[in-house]
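# Examining the three-dimensional arrangement
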Amino acid sequence: MTTQDIVIQWLIGRANSSDPWFYSYNLESEVPAYGRLAHGKTHTASTYSRVFRKIRENNILKKYGLMLEEVKHNNNEKVKGWKVVKDS
């Protein structure tokens, strides 16, 4: 399983949860733990962040019927956030 596959699976899990919102700090803390626990892969947070940027820039989630919407953080406008939604 590639780092891209791990990030996509994590995003699909977010889309199917009651909490589809996440911020850059969630990505940096949760995805490395998810990759290690669910898939036995160890990568740095920055590796997953680079892959996430590639997924966003190339609109890769579209083939999974998903898309990302940017959201604002309640307390800090400098923190980037997204919501994983079903593509219509």
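Check the entry above for the structure.
Residues numbered from 1 in each chain as written. Predicted model: local features only at pLDDT ≥ 70, side-chain atom pairs only at ≥ 80, totals over all residues. Heavy atoms only, no water.

Moving on to the side chain of N26. Its place among the elements puts N26 in helix α2 (residues 24-39). Of the residues examined, N26 reaches a relative accessible area of 15% and is grouped as buried. With residues up to four places along the chain from it excluded, the contact list for N26 reads W10, R14 and V31. (Helix = DSSP H or I, 4+ residues; strand = E, 2+ residues; numbered from the N terminus. Buried < 20%, exposed > 50% of the residue type's maximum accessible area, 1.4 Å probe, protein only. Contact = heavy atoms within 4.5 Å.)

Strand order in the open sheet formed by three strands is β1-β3-β2, with antiparallel pairing between adjacent strands. Of all the strands in the sheet, just β1 (21-23) and β2 (66-72) have a single pairing partner and so form its edges. Between one strand and the next, the sheet's axes are offset by a mean angle of 30°, whatever the strand orientation. Two strands pair when backbone bridges link them, and β1 and strand β3 (residues 80-86) are joined in this way by three bridges, in the antiparallel orientation. The residue bridging Y23 from the neighbouring strand is G81, located in β3. Its contacts with the sheet put helix α1 (residues 3-15) on β1, β2 and β3, and the angle it makes with β1 is roughly 135°. (Pairing = 2+ DSSP bridges. Axes fitted to C-alpha atoms, helices over the stretch in contact; angles between N-to-C directions.)

Between side chains of opposite charge, a pair can form as their charged atoms come close. Scanning the model with the defined rule gives three salt bridges in all. A salt bridge links D19 to R14; its shortest N-O distance comes to 3.3 Å. In this structure, the salt-bridge partner of E30 is R14, at a minimum N-O distance of 2.7 Å. One end of the pair, E30, is in helix α2; the other, R14, is in helix α1, with 16 residues separating them in the sequence. Because the salt bridges share partners, they merge into one network encompassing R14, D19 and E30. (Salt bridge = Lys/Arg side-chain N within 4 Å of Asp/Glu carboxyl O.)

Let us now look at the environment of N76. Mapping N76 onto the fold places it in the loop between β2 and β3. Take N76: its relative accessible area is 33%, and that puts it in the partly exposed class. There is a polar contact of 2.9 Å between the side chain of N76 and the backbone nitrogen of K78. (Polar contact = N/O pair within 3.5 Å; in protein donor to acceptor, adjacent residues only side chain to side chain.)

Here we take up the packing of aromatic side chains. In the structure shown here, the tally under the stated rule is five aromatic pairs. Taking the centre distance of 5.7 Å and the plane angle of 70° together, the rings of F22 and F52 count as edge-to-face. Separated by 30 residues along the polypeptide, F22 in strand β1 and F52 in helix α3 (residues 45-57) bring together distant segments of the chain. For the pair shown, F22 and F52 are each scored as buried. (Phe/Tyr/Trp six-rings, centres within 6.5 Å; stacked < 30°, edge-to-face > 60°.)

Everything listed here is a matter of geometry and, on its own, says nothing about what the molecule does.
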